[in-house]
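Fold and geometry: a report
One-letter residues, chain by chain:
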Amino acid sequence: MSLTLHNTKTRTKEPFEPGDPSRVTMYVCGPTVYSRPHIGNARPALVFDVLFRLLRSLYGAEHVVYARNITDIDDKINAAAKESGRPIGDITDEFADIYRADLNALGVLPPTIEPHATAHIDEIIAMIEALISSGHAYEAEGHALFSVSAFADYGKFSNRIRDDMIAGARVDVAPYKKDPADFVLWKPSSDDLPGWDSPWGRGRPGWHIECSAMIEKHLGETIDIHGGGHDLIFPHHENEIAQSRCSHDGAELARVWMHNGFLTMDKDKMSKSTGNIVTVHELSQDHAGETIRFAMLSAHYRQPLDWSDDLLAQAKSTLDRIYGTLDKLCRVDAADDAKPSEAFLAALCDDMNTPKAMAELSALCKAANTTTSDEERALVKGQLLTAGAVLGLLQGDPSSWLKGGTSDDDAEIDALVEARTAARANKDFAESDRIRDELAARNITLEDGPDGTKWRRDC
RNA sequence: GGCCGAGUGGCAGAGUGGUGAUGCAGCGGACUGCAAAUCCGUGUACGUCGGUUCGAUUCCGGCCUCGGCCUCCA
């Protein structure tokens, strides 16, 4: 199955061809750790988790190297530290842990490498020094600045014309800049801010340089896939490209650039600065991580997605149906050589068309529920489970899913169900219906089937 | 102003130059003691105005509306 991916660089879908199929490299811009991640922050992590799983299944788990960074030096972190009076390291550690825990709850696999910016100061300084000595950057008043005029392709990636940007007057026109579009590689730190000694004095790295330095160190000069949110195309990725290519004799930084679309709430961009957010933590209080994951993947990753309670409710209903099907197959062993169906893989390999892939899941459910062949049931069960694994879904115990996990009153419910079964055996339908009504009042729904009565918790 | 992207049936959301994905919800039926689940059936959907075409939701152009980036931002 050949993989096709949309490349931001060319704005088209292209066949994916890694430089080395035995070492497929992917880098995704991770979080700046100073607050809890909101569900919008989780989209790239989730989307590229699916790509990570897909690449592992296509090239072999040992042949994919996925790096997602942690930015632990940043002015917002400094501000949070000052406000709370806590040491910066405390804050970055706490929120990095929360980030990992929140993503874990959504079924996101840990990346192969999780580089921290502060652990790569030497590499950052070395890259800046090289850029200065090659004439692509310069020092000014304790800063190191990248000279955009030294990179002829600057602006090509994000399709931006320099004069328009400067005319916008929103770039920081600092007096020490040779050109208003030049951006900071290194900036001085006052004594109360974290800083490292450098050839340009005590200071800290600019925003973009950490990614260039960490990619070079862990993945190489040219990587296969670079991902992130749509808003990072400019300036972040444009600047990364400038730094890295000028450090590497013009070698391209990434063969494929992928950018996920944004989440909205009530049609407005979800953004920390506007407060229009819901955190992963909050969502996880009321919804299973798998429901949240399913909801996120129900739209194509490049499309905008309006996040709402209704979206989550629909995701839950659909998952209930699939798990209900799997529950009916509980006595069937999945086929030994199980693998996802061709149609499912074809959908995912078409630029990660998760909605279409999920439609295939429904087709499999229908097949399972209509066939009379045990052989086909085994086949379909295997296809459902292996397809689910690529999406990071459906790996839970179906019965447990339907019951909403384990609860203190499970035994009591089981007892009532047994009592009802006894009543039904005696044709005492008044009593059996009374028990069912009693359970219904507690959001318990019963299903009488060939394997006896099953129950599930609706919420 | 420049640059992106989007407008699909009650909702979500794929896709395609010509037989109306898929899920949720609704309706009818089968099944069931009755339900539930499941299955079967059921919807004259593609912002708008033109153009190309035998034929356009799908291609081209104009327009309208909405969102994003151009400053930190997933």
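Above this text is the structure in question.
Right, let's walk through the structure included here. (Residues numbered from 1 in each chain as written. Chains lettered and ligands numbered in written order. Predicted model: local features only at pLDDT ≥ 70, side-chain atom pairs only at ≥ 80, totals over all residues. Heavy atoms only, no water.)

1. With respect to the environment of Ala126
What counts here: Working definition: helices are DSSP H or I runs of at least four residues, strands are E runs of at least two. Numbering for both runs from the N terminus. Per-residue accessibility, obtained with a 1.4 Å probe over protein chains only, is compared with the maximum for each type, and a residue is labelled buried under 20%, exposed over 50%, and partly exposed between these values.
Along the polypeptide, Ala126 turns up in helix α4 (residues 121-133). When its relative accessible area of 41% is taken as the criterion, Ala126 is described as partly exposed. Ala126 sits 87 residues away from Ala213 along the chain, and the two C-alpha atoms are 8.7 Å apart.

2. Regarding the state of the cysteines
What is meant by a disulfide is a covalent connection between two cysteines, made through their sulfur atoms. Condition: By disulfide we mean two sulfur atoms from cysteines, separated by a distance within 2.5 Å.
A complete count under the given rule lists zero disulfides for this structure. No disulfide involves Cys211; its nearest neighbouring cysteine sulfur is the one of Cys29, lying 4.2 Å away. Cys211 sits in the buried class, given a relative accessible area of 2%.

3. A short note on unusual backbone geometry
Peptide bonds are, in most cases, trans, and in most cases residues other than glycine have a negative phi. In this structure, Pro235 follows Phe234 across a cis peptide bond, with omega equal to 5 degrees. With respect to the helices and strands, Pro235 occurs in helix α7 (residues 233-247). Phi at Lys427 is positive, roughly 60 degrees, even though this residue is not glycine. By the secondary structure assignment, Lys427 is in the loop between α15 (410-425) and α16 (429-441).

4. Some points on the pattern of salt bridges
Put simply, the rule is: Salt bridges are counted wherever a side-chain nitrogen of Lys or Arg sits within 4 Å of a carboxyl oxygen of Asp or Glu.
All chains considered together, the criterion is met by 31 salt bridges. Of the charged contacts in the structure, one is a salt bridge between Glu412 and Arg442, with a shortest N-O distance of 3.1 Å. Of this pair, Glu412 sits in helix α15 while Arg442 sits in the loop between α16 and β14 (444-449), and the two are 30 residues apart along the sequence. Among the ionic pairs, Arg420 bridges to Asp448, the shortest N-O distance being 2.9 Å. Of the two residues, Arg420 is situated in helix α15 and Asp448 in strand β14; the sequence distance between them amounts to 28 residues. With a relative accessible area of 37%, Asp448 lands in the partly exposed category. Salt bridges sharing common partners tie together Asp409, Asp410, Glu412, Arg442 and Arg457.

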